[in-house]
Structures are given as structure tokens and as C-alpha cells.
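Letter by letter, the chains look like this.
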Amino acid sequence: MARINKNYDKLAAGYLFPEIARRTKAFLDTNAGTEVLRLGIGDTTEPIVPAVLEGLHQGTDSLGKVESYSGYGPSEGVGPLRQALAREYGDLGVNLSPEEFFVSDGAKSDSANIQGIFSDDCIVAVQDPAYPVYVDSNVISGRTGAASDSGYDGLVYMPCTEENGFFPALPEGKVDLIYLCSPNNPTGAVATKEQLKSFVDYAVENQAIIFFDSAYASFITDPKLPRSIYEVEGAEQCAIEFNSFSKTAGFTGVRLAWTIVPKACRAEDAEPGKLHSLWTRRQNTFFNGASNIVQAGGMAALSTEGKAQTGEQVSFYLENARIINKGLQELGITTYGGGNAPYVWLKTPDGLSSWDFFDKLLGECRVVGTPGSGFGPAGEGFFRLSAFGHRENVEAAVSSMKDNLMI
Ligand code: PGU
């Protein structure tokens, strides 16, 4: 008899973004002829820049010639891309070797899969609110109990609140696996070096591992803020980092990312290098490498021209965030984030619940956003607006909120 993985039954609801799409569709079905302005899922909208497109074309063309055709590549990614990534970190003053970079098809899959190389009885700590993948992947793998209004039993929630500037205090007691995301999804807060240092020191002392998701690092404009956790001394011993071309190069549909597992990184019960070899083994067995066409595009995104052009696109999205922030503040709404991140995190007016505000914003303004409670218990009473969008749509959404939101 084939039995299912019962942990799936513990998941509190459908995955957040399809749930929003479902509710939006239900709204459109009952309001025929209406159009909605989508600031919900953080999905890029602007076309891929010419220098990167050229790389993708070259990647495609090389498959059409016998002398440059390639089939399966190394599952860790092609050498030149891993070398180019290592050089990027070198520019940040971080010394990592190309073999410590694992190229993949997404930071989502890697951040969901990474827990698989750790023991089932590890205690997991997450920022609250957080990108739902961190929690859900640990629920599915059986590291939690049942869900209640205060979250899953057995998970350590680290609240990120207005009071602590949306960066959590260290966990009380010993935890084993810690998820941190900076610039943060959903709050838009960026951790300082000192804040990250406190977690690195904790992790080294407690032989814990930090999973650091820096998928939005390219949105950091303040030169004092760290773009990688490895800018903090000691992090190579205790941190695994995820990043992605998705938001930087418009690759959300193209799919290309990387994960760094330093050889110095070590688990409590294994020598340094073991985590690196386990992740190698895991990827070799479960993954056949990112598309060779796409990796050529990734190389182009890291060229001087590619970086200049994608940098302009990132600035464009940040300008969207500024427009959203300004509009909301003119409405008297308290907002956070946006300055170094593509998300604006707003406090719902009149103490509305996150889902009530979702319905109100959709009903009154035709604007779709993401309820903060979908990211964890501490997200209740907050709401996320994405700055990814065509300028005219972002402006239309802001005007509609100013004209129609009844507060
Ligand atoms: N990490 C973080 C923190 C993210 O917010 C997202 C996308 C990813 C990773 C995904 O990176 P990929 O390299 O594209 O796999 N977050 C979006 C999209 C929702 C989703 O389910 O991924 C968001 O709106 O939060």
C-alpha cells in the first residue's frame, strides 16, 4: 500500500501566491469587465536587457553547431559561470573559490531543498514574517508539529516588528538551522553588518547553520549595507547563501540562481567540507544542471555591459517603490521598506487584518497585494506591495488608492 507523506496535511493553507491568484480570479469572475492592478507576487515585468539577451542568443546558437554543441553539463554549473560568480564576490572583498558555488535553476528550489542535508531533529528558527518556502519545506520534511494561529509547533519564530526595525533578536536557547533573508521579503528591511555579525557569532558559538537568502541583494543602494553574509567575519564557517538572477536580470521565467556552500562551513557532527560534499552529492543525484542556454545568459548578465544594463532596471523598480511609498504616505499610511528592496511593507489602516485589507484594496481600488499574515503570524496587520511592474501600472495603482481607498 502506497502511503502519502502526512506532513503535507499539516500545511495551513494553499501556497500563498496561488491562493492570491485564486482570490483575484474569483473577484474578476464576479466583477465582469473589471481590470485589476497587480502588485502582489514579486515577478519582474520589464524585458530582458540587450546585453543579456545577446548572451541567451549566443547560448542558443552554440547548440546549432557541431563544434560548440553541449549536452549535460556539470550539475554544479559550468566553470566559467562559477568563476565569474566568485569574481563578483571578490569585488565585495569576499574570498570564495568557484567550487563553492553551485549554479541552479532557482533560489526557491535550493532554499527548499537545503534542509534535506541536515538531520530531521534539527531545531529550525525563522524570521517572522518570512518567505513561506522556508517554513513549508520544514513542515513537509517533518520538523514541525501542527499549525495554530501562532504558527507551527516546534518551530522557533523570531518576530520582526516595528519595534526591532524588522530584524530579530537572537533566538533564546539553542537552535540548529536559522533562516535569514536580507533585503527582506516581505518587510524590505536590510540587515546591517553588525546585525548579521550577532547571528554569525551565535551560529559559531552554538554550531548552528545560517541559511542566508540574498535574492534581492542587487537592490541595495546604501554602500554601507552588506550584500552577502560573507562580508561578515566568520560567516564562511556557519552560513550557506542563496542568490538568484531572477530579480536582477528579469530571469523569473528563465530560471538561474546560485547557492554557496563554503568548504569551511561545518555542522556540529561533521568535519568542515562535509556539508559541501553532501550538497554536491545531493545536486549530482537530484539535479542535472541549469540549462546551458540560460547559463550563457547568466555570464552575459555578469559582463560589464550586462551589469550596467540590469543595474538600470533595478533602479527602475526602486523608483516604482519610491512612488508607492510616497503615495501611501500621502494617504497617511505607515510604510516601511522600498529604499533598498523591491517591496513596500505597510501597516494596515484602522487595525484591519491583512486579509480584510486585501479584500478592501481589491474591492475599492482594484489593486492586488499580498497579506502580511501569509508570511507568518507577525505579518498580521501588515501588507506587502511589490514594486515590480510597468510604470504606468504602478502609477495607476497609486492614483487608484489615493482616489478610492476609504480610510
Ligand atoms: N528567495 C526569496 C526571498 C524570494 O522572495 C523569492 C521569490 C525567491 C527566493 C525565488 O527565487 P528564484 O530564484 O526565482 O527561485 N519570491 C517572489 C515569488 C514567489 C515565489 O513563490 O517564489 C515573491 O513574491 O515573494
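Note that this is a predicted model, so its numbers are computed, not measured. (Residues numbered from 1 in each chain as written. Predicted model: local features only at pLDDT ≥ 70, side-chain atom pairs only at ≥ 80, totals over all residues. Heavy atoms only, no water.)

1. A word on the sheet that holds strand E15 (residues 382-386)
Right, on to step 1. Reading across from one edge, E11-E12-E15-E14 is the order of the 4 strands in this open sheet, with antiparallel pairing throughout. Looking at strand neighbours, the two that pair on one side only are strand E11 (335-337) and strand E14 (370-371), the edges of this open sheet.
Right, on to step 2. Each of strand E12 (343-347), E14 and E15 touches helix H11 (residues 354-365); the most contacted strand, E15, lies at about 45° to it. (Pairing = 2+ DSSP bridges. Helix = DSSP H or I, 4+ residues; strand = E, 2+ residues; numbered from the N terminus. Contact = heavy atoms within 4.5 Å. Axes fitted to C-alpha atoms, helices over the stretch in contact; angles between N-to-C directions.)

2. What to know about the packing of aromatic side chains
Right, on to step 1. A full pass over the atoms with the stated rule returns 23 aromatic pairs.
Right, on to step 2. A centroid spacing of 5.9 Å and a plane angle of 90° characterise the contact between Phe219 and Phe388, whose relative ring orientation is edge-to-face. One end of the pair, Phe219, is in the loop between strand E8 (209-213) and strand E9 (239-244); the other, Phe388, is in the loop between E15 and helix H12 (391-404), with 169 residues separating them in the sequence.
Right, on to step 3. Judged by relative accessible area, which is 0%, Phe219 ranks as buried.
Right, on to step 4. The interplanar angle of 70° and the centroid separation of 4.8 Å between the aromatic rings of Tyr317 and Phe388 together place this pair among those described as edge-to-face. You can see Tyr317 sitting in helix H10 (residues 304-330) and its partner Phe388 sitting in the loop between E15 and H12, a full 71 residues away along the chain. This pair shows no difference in class: Tyr317 is buried, exactly as Phe388 is.
Right, on to step 5. Connected via pairs of aromatic rings, a cluster forms that spans Tyr15, Phe17, Phe166, Tyr336, Trp345, Phe375 and Phe382.
Right, on to step 6. One Lys or Arg, Arg82, reaches over the ring of Phe102 and ends 5.9 Å from the middle of that ring.
Right, on to step 7. Lying across the ring of Tyr343, Arg384 places its NZ or CZ 3.9 Å from the centre. (Phe/Tyr/Trp six-rings, centres within 6.5 Å; stacked < 30°, edge-to-face > 60°. Buried < 20%, exposed > 50% of the residue type's maximum accessible area, 1.4 Å probe, protein only. Lys NZ or Arg CZ within 6 Å of the ring centre and 35° of its normal.)

3. Section: the site of the ligand
Right, on to step 1. Within the structure, the ligand sits among 20 residues, and Tyr15, Gly42, Tyr131, Tyr216 and Ser246 are positioned closest to it.
Right, on to step 2. Ala107 has a polar backbone atom sitting 2.8 Å from an oxygen atom of the ligand.
Right, on to step 3. Elements supplying a minimum of two residues to the shell around the ligand: helix H4 (107-113) and helix H7 (246-249).
Right, on to step 4. Among the residues making up the shell around the ligand, the classes are represented as 10 nonpolar, 5 polar and 5 charged.
Right, on to step 5. Counting only domains with at least three residues in the shell around the ligand, you end up with domain 1 (6-47 + 306-404) and domain 2 (52-303). (Near = heavy atom within 4 Å. Polar contact = N/O pair within 3.5 Å; in protein donor to acceptor, adjacent residues only side chain to side chain. Nonpolar A, V, L, I, M, F, W, Y, C, P; charged D, E, K, R; others polar. Domains from an automatic or database assignment.)

4. As for the domain arrangement of the protein
Right, on to step 1. Looking at the assigned domains, one finds that the protein contains domain 1 (6-47 + 306-404) and domain 2 (52-303).
Right, on to step 2. Averaged C-alpha coordinates put domain 1 and domain 2 at centres separated by 25 Å.
Right, on to step 3. Contact with domain 1, which involves 35 residues of that partner, is made by 49 residues of domain 2.
Right, on to step 4. Across the interface of domain 1 and domain 2, roughly 3,300 Å² is buried in total on both sides, 60% from carbon and sulfur atoms.
Right, on to step 5. Linking domain 1 with domain 2 are 2 salt bridges.
Right, on to step 6. Its salt-bridge partner being Glu162, residue Lys347 comes within 2.9 Å of it at the nearest N-O pair.
Right, on to step 7. Joining domain 1 to domain 2, the criterion identifies 19 residue pairs in polar contact (both at pLDDT 80 or more).
Right, on to step 8. Of all the secondary structure elements, the ones that give two or more residues to the side of domain 1 that touches domain 2 are H10, E11, E12 and E15.
Right, on to step 9. Considering every element that reaches the side of domain 1 that touches domain 2, the biggest residue donor is H10, with 6 residues. (Buried area = accessible area lost by both parts, 1.4 Å probe. Salt bridge = Lys/Arg side-chain N within 4 Å of Asp/Glu carboxyl O.)

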